[in-house]
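Take a look at the letters that make up each chain.
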Amino acid sequence: MDLAIETKCIYGNKKDWKKDPTGAISFPIYQTATYAHPEVGKSTGFDYSRLQNPTREHLEKVVAALESGTDALAFSSGMAAITALMEIFKPGDHLITEADLYGGSIRLFDNISKKNGIDFSHINCSTEDVESYVKENTKAIYIETPTNPMMNVVDIRKIADIAKKHNLLLIVDNTFLSPYFQNPLTLGADVVIHSGTKFLGGHNDTLAGFVVTNKEEISEKLRFIIKTVGSGLAPFDSWLLLRGIKTLSIRMERAQENALALVEYLLNEPKVKKVYYPGIKGTKGYEICKKQARGFGAMLTFEVESKALAQHILKFTKLIPFAESLGGVETLLTYPCTQTHADVPEEVRIANGITDSVLRMSVGIENKEDLIADLKYAIDSYDGYKAQYI
Ligand SMILES: *Cc1c(COP(=O)(O)O)cnc(C)c1O
């Protein structure tokens, strides 16, 4: 029996149910570094928690089930997951990467992976001819969709076809839509990345990261890497993730409903120049997103009429905090040009549309009228304060 995604959030796949011998409904936190062996040559299946821990293992099964993968590995952060994944490549390899990625991923690729001999072409995967960038030494295509923060939607199946044709891996960072709305492995991707810190954890209280795959060979390499580099998720944090994931479905539904209401307000707000959200009918992203995902998510970006107004909003919302990160129950406003994308070279940032008038919003599960009122207050109060900026 294939379970629906809401049920998988709570139990994982059916074969994982009732695994704890005590019958505990909440999976226990095995707060142990090491495990006693019954005798020489025998193991309980657990030897040392850098390799594996029962709480982390259970979490990995749940996340693998959510993404329809055969294996998932839980890391201490999203960046730890991506760093471990980069270890499957070797000096001389080339990767095609989406240009509008999470800023931390660009920082990793350009500063650490490059130093390790890996070469990159950062391109716009939703507008450019991706296939024309494939070289002799190209090994993978790495994308996010919708992209961060400009919400460009990349056609996963189309890129997967190019990857298959040239024997490349397709890696998709699926953090923004979460497995509740989108499952790239079912669309032809080979590897899925998550920052578990975001929607999976959902409460802005812990860091985590995942690599999910349905390829035995990649899974074996990653198991070797996680045990060697030691960046696996700790037992307590694994439990927090399990707890967060149980409510993923209702959080995603409510957050999306709120996002749609905020988009509606922003589209009618004269001081807002542009709203980027894949759920806006008539946009190119809408059709692709509708085809490959079950929803449009709770991330939106908007450009206001000036830098001064953008900074005013960040100072004058009373409810919505100005903070990095996303995917939690709390709505957050982010200023990409000085926060998530501060390390991206200015010309690249501007070319990607991330000007100093652009704000990104991660919509939470509060009451939507309260959110609109808060944002409206910040925007409306600008005229009165304008003088002080001039
Ligand atoms: C936050 C984020 C990451 C990095 O994850 P951390 O848990 O912060 O290390 C990677 N990709 C995307 C899309 C993110 O939003």
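The paragraphs below set out a description of the structure included in this document. (Residues numbered from 1 in each chain as written. Predicted model: local features only at pLDDT ≥ 70, side-chain atom pairs only at ≥ 80, totals over all residues. Heavy atoms only, no water.)

### Here we look at the pairing of strand 2 (residues 94–98)
Along strand 2, five of the five residues are buried, which leaves the element largely enclosed by surrounding structure. Residues His 94, Ile 96 and Glu 98 of strand 2 are buried on one face, and the alternating residues Leu 95 and Thr 97, pointing to the opposite face, are buried as well. Pairing geometry for strand 2 and strand 3 (residues 119–123), over five bridges, is parallel. From the neighbouring strand, Glu 98 faces strand 3, where its bridge partner is Ile 123. Pairing analysis gives four bridges linking strand 2 to strand 4 (residues 138–144), with the strands arranged parallel. Considered in strand 4, the bridge of His 94 is made with Thr 138. (Buried < 20%, exposed > 50% of the residue type's maximum accessible area, 1.4 Å probe, protein only. Helix = DSSP H or I, 4+ residues; strand = E, 2+ residues; numbered from the N terminus. Pairing = 2+ DSSP bridges.)

### Considerations on the packing of aromatic side chains
For the coordinates displayed, the defined rule picks out seven aromatic pairs. Considering the side-chain rings of Tyr 35 and Phe 46, the 5.6 Å spacing of their centres and the 35° angle between planes classify their relative orientation as tilted. A residue pair is termed long-range when its members are at least 10 positions apart, and Tyr 35 in the loop between helix 1 (5–11) and helix 2 (54–66) and Phe 46 in the loop between helix 1 and helix 2 qualify at eleven residues. Residues Tyr 35 and Phe 46 agree in their burial class; the two are buried. With a centroid separation of 5.1 Å and 80° between ring planes, the pair formed by Phe 109 and Tyr 142 is classed as edge-to-face. Of the two residues, Phe 109 is situated in helix 4 (residues 103–113) and Tyr 142 in strand 4; the sequence distance between them amounts to 33 residues. For Tyr 142, a relative accessible area of 0% puts it in the buried group. Among the aromatic residues, those joined into a ring-pair cluster are Phe 109, Phe 120 and Tyr 142. If you follow Lys 198 out to its NZ or CZ, it ends over the ring of Tyr 102, 5.0 Å from the centre. (Phe/Tyr/Trp six-rings, centres within 6.5 Å; stacked < 30°, edge-to-face > 60°. Lys NZ or Arg CZ within 6 Å of the ring centre and 35° of its normal.)

### Quick notes on the environment of Thr 127
As for its placement among the helices and strands, Thr 127 is situated in the loop between strand 3 and strand 4. Sequence separation of Thr 127 and Val 154 is 27 residues, and the distance between their C-alpha atoms is 8.6 Å.

### Description of the site of the ligand
If you check the shell around the ligand, you find Ser 77, Gly 78, Met 79, Tyr 102, Glu 144, Asp 173, Thr 175, Ser 195, Thr 197, Lys 198, Ala 208 and Leu 326 and nothing else. Between the ligand and Asp 173 there is a distance of 2.7 Å, counted from a nitrogen atom to a side-chain nitrogen or oxygen. Taken by itself the ligand offers 380 Å² of open surface, and the protein chains cover 94% of this. Among the residues making up the shell around the ligand, the classes are represented as four nonpolar, five polar and three charged. (Near = heavy atom within 4 Å. Polar contact = N/O pair within 3.5 Å; in protein donor to acceptor, adjacent residues only side chain to side chain. Areas by Shrake-Rupley, 256 points an atom, 1.4 Å probe, with all protein chains shown as cover. Nonpolar A, V, L, I, M, F, W, Y, C, P; charged D, E, K, R; others polar.)

### A few points about the environment of Leu 59
The topology assignment puts Leu 59 in helix 2. Each C-alpha atom of the pair Leu 59 and Lys 368 lies 32 Å from the other, and the pair is 309 residues apart in sequence. Discounting residues that sit within four places of it in the chain, Leu 59 has contacts with Ala 74, Phe 210, Leu 233, Ser 238, Leu 241, Leu 242 and Ile 245. (Contact = heavy atoms within 4.5 Å.)

### Brief notes about helix 10 (residues 284–292)
Considered for burial, the residues of helix 10 that qualify are Gly 285, Tyr 286, Ile 288, Cys 289 and Gln 292. Looking at the packing, one finds that the buried side of helix 10 touches helix 5 (156–165).

### Details of the state of the cysteines
Two cysteines joined by a covalent bond between their sulfur atoms form a disulfide. Applying the stated criterion across every chain, the model contains zero disulfides. Residue Cys 9 stays outside any disulfide, its sulfur separated by 18 Å from that of Cys 289, the closest cysteine. (Disulfide = S-S within 2.5 Å.)

### Points about the pairing of strand 11 (residues 358–362)
With respect to burial, strand 11 is a largely interior element, five of its five residues being buried. Neither face of strand 11 is left uncovered, since the one carrying Val 358, Arg 360 and Ser 362 and the one carrying Leu 359 and Met 361 both have all their residues buried. Two elements, strand 9 (residues 299–304) and strand 11, share five bridges in a ladder whose sense is antiparallel. Note on strand 11: the bridge partner recorded for Glu 303 is Val 358. With three bridges connecting them, strand 10 (residues 332–334) and strand 11 associate as antiparallel partners.

### Observations regarding the pattern of salt bridges
For the structure on display, the rule yields 17 salt bridges. With a closest N to O distance of 4.0 Å, Lys 8 and Asp 2 form a salt bridge. A salt bridge links Glu 131 to Lys 165; its shortest N-O distance comes to 2.6 Å. Within this pair, whereas Glu 131 is found in the loop between strand 3 and strand 4, its partner Lys 165 is found in helix 5, the two being separated by 34 residues in sequence. (Salt bridge = Lys/Arg side-chain N within 4 Å of Asp/Glu carboxyl O.)

### Some words on the sheet that holds strand 9
The strand order across the open sheet built from four strands is 8-9-11-10, with neighbouring strands paired in antiparallel fashion. Here the strands that pair on one side only, and so sit at the sheet edges, are strand 8 (272–276) and strand 10. Looking at each pair of strands side by side, their axes are set apart by 25° on average, direction ignored. Here helix 11 (residues 307–316) sits on the sheet in contact with strand 9, strand 10 and strand 11, set at roughly 130° to strand 9. (Axes fitted to C-alpha atoms, helices over the stretch in contact; angles between N-to-C directions.)

### Focus: the nonpolar core
Core analysis: the biggest nonpolar cluster contains 89 residues, and Ile 141, Leu 170, Leu 300, Phe 302, Ile 313 and Leu 375 have the highest contact counts within it. When neighbours within four sequence positions are excluded, Leu 375 is seen to be in contact with Leu 262, Tyr 265, Leu 266, Phe 302, Ile 313, Thr 317, Leu 333 and Met 361. Core analysis: the next-biggest nonpolar cluster, separate from the first, contains 29 residues, Ala 84, Leu 101, Leu 169 and Ile 226 among them. (Core = buried A, V, L, I, M, F, W, Y, C linked by side-chain atoms within 4.5 Å.)

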